[in-house]
Amino acid sequence: MKRILIVEDERNFARFIELELIHQGYAVTVVGTGQEGLETATRDAWDTILLDAMLPGLHGFEVCRRIRQAGFATPVIILTARDSVTDRVLGLDSGADDYLPKPFVIEELLARIRAVMRRSKRGAAEPQEAVTYRDLRIDPMTRTVSKAGALLDLTKREYELLLVLMNHKDRVLSRNMLLDLVWGYDCEVETNVVDVYVRYLRNKIDDPAQQRSYIQTVRGIGYVIRS
Ligand code: CA
């Protein structure tokens, strides 16, 4: 039986989701504060964690960051009433796998849960070979990126975005394709999240002295790394 941890301080809302998930055949545990969420998340093995953003004490984003810091790759979906690009970016940057603004329909939550579980299973598959481009080297085995031999400090999303672009060298990837490949869902999430992340990546990998960015913009379509 798949185990889901709900971290949510609104009791009625937590109870509603809990009942739906039990009805779907999941084993569910509910806790009501960020601190308890962090302790429970790192004490046990979970198949998915549903994490409310606005929690008393420790904020949901912070809980997620600390779960990742503790070395847990458990799929995390952040639930929040706030819905702006900045919040999405912050949420995803904290290491969350997905982000779902409230209110949502329960079917969408269920679909997202299935999707993150599928992806985490796929992530456990065979590690791939290292890929190089100019002086960049990305190594999926160690999940590291280096430039001219020096390690770069990339977030999870930045890493995945770069990996997808390098694995599809010379293919122009649209924003929607990148959303699908990196964020993993094809719903109505704002595609400018992709632009924000490409900007982050360029800031980390490009040389200020060089005219040509590693990642090229194809106007009106998306992005490409050309060999
Ligand atoms: Ca809350």
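The rules behind the values
- Residues numbered from 1 in each chain as written.
- Predicted model: local features only at pLDDT ≥ 70, side-chain atom pairs only at ≥ 80, totals over all residues.
- Heavy atoms only, no water.
- Buried < 20%, exposed > 50% of the residue type's maximum accessible area, 1.4 Å probe, protein only.
- Helix = DSSP H or I, 4+ residues; strand = E, 2+ residues; numbered from the N terminus.
- Pairing = 2+ DSSP bridges.
- Right-handed = clockwise from strand over helix to strand, strands pointing away.
- Donors = N, O, S within 2.8 Å, 3.2 Å for Na, K, Ca; no water.
- Domains from an automatic or database assignment.
- Contact = heavy atoms within 4.5 Å.
- Buried area = accessible area lost by both parts, 1.4 Å probe.
- Salt bridge = Lys/Arg side-chain N within 4 Å of Asp/Glu carboxyl O.
- Polar contact = N/O pair within 3.5 Å; in protein donor to acceptor, adjacent residues only side chain to side chain.
- Nonpolar A, V, L, I, M, F, W, Y, C, P; charged D, E, K, R; others polar.
- Axes fitted to C-alpha atoms, helices over the stretch in contact; angles between N-to-C directions.

Before going further, it helps to spend a moment on the pairing of strand β3 (residues 48–52). The element β3 is largely enclosed, with a buried count of five among its five residues. Of the two faces of β3, both are covered, the one formed by Thr 48, Leu 50 and Asp 52 as well as the one formed by Ile 49 and Leu 51. Relative to β3, strand β1 (residues 3–7) runs parallel, the two sharing four bridges. Across the sheet, Ile 6 pairs through a bridge with Leu 50, a residue of β3. In this region the chain leaves β3, passes through helix α3 (residues 60–69) and returns to the parallel neighbour strand β4 (residues 76–80); the handedness of that crossover is right-handed.

With that settled, the discussion passes to the coordination of the calcium ion. For the calcium ion, the full set of protein donor atoms is Asp 9 (OD), Glu 10 (OE), Asp 52 (OD) and Met 54 (O), at a range of 2.1 to 3.1 Å. Donor residues binding the calcium ion come from one chain and are separated in sequence as D-E-x41-D-x1-M. Of this pair, Asp 9 sits in the loop between β1 and α1 (11–23) while Asp 52 sits in strand β3, and the two are 43 residues apart along the sequence. Assessed through its relative accessible area of 33%, Asp 9 is described here as partly exposed.

Partitioning the chain into structural domains gives domain 1 (3–123) and domain 2 (131–225). The distance between the C-alpha centroids of domain 1 and domain 2 comes to 26 Å. The interface of domain 1 with domain 2 comprises twelve residues on the first partner and 14 residues on the second. Counting the surface lost from both domain 1 and domain 2, the interface buries some 1200 Å², and carbon and sulfur atoms represent 51% of this. Here domain 1 and domain 2 share one salt bridge between them. A salt bridge links Lys 156 to Asp 97; its shortest N-O distance comes to 3.2 Å. The interface formed by domain 1 and domain 2 contains three residue pairs in polar contact (both at pLDDT 80 or more). Elements that contribute at least two residues to the side of domain 1 that touches domain 2 include exactly α4 (85–93) and α5 (106–123). When residues of the side of domain 1 that touches domain 2 are assigned to their parent elements, the largest contribution, five residues, is made by α4. Partitioned by chemical class, the residues of the side of domain 1 that touches domain 2 number four nonpolar, one polar and seven charged.

Turning next to helix α2 (residues 34–43). If you check which residues of α2 are buried, you get Gly 34, Gly 37, Leu 38, Thr 40 and Ala 41. The inward-facing, buried residues of α2 contact β1, β2 (27–31), β3 and α3.

Sheet architecture is open: three strands sit in the order β10-β12-β11, paired in antiparallel fashion. Either end of the sheet is taken by a strand with one partner, and the two such strands are β10 (173–174) and β11 (216–218). Looking at chain direction, β11 and strand β12 (residues 222–224) are connected through three bridges and run antiparallel. Looking at the pairing, Val 218 lines up with Gly 222 of β12.

The strand order across the open sheet formed by five strands is β2-β1-β3-β4-β5, and the pairing between neighbours is parallel. Of all the strands in the sheet, the pair left with one neighbour each is β2 and β5 (98–101). Across the sheet, the mean angle from the axis of one strand to that of its neighbour is 20 degrees, orientation sign disregarded. Pairing analysis gives four bridges linking β4 to β5, with the strands arranged parallel. Across the sheet, the residue bridging to Thr 80 is Pro 101, located in β5. Set on the sheet, α2 makes contact with β1, β2 and β3; between it and β1 the angle comes to about 165 degrees.

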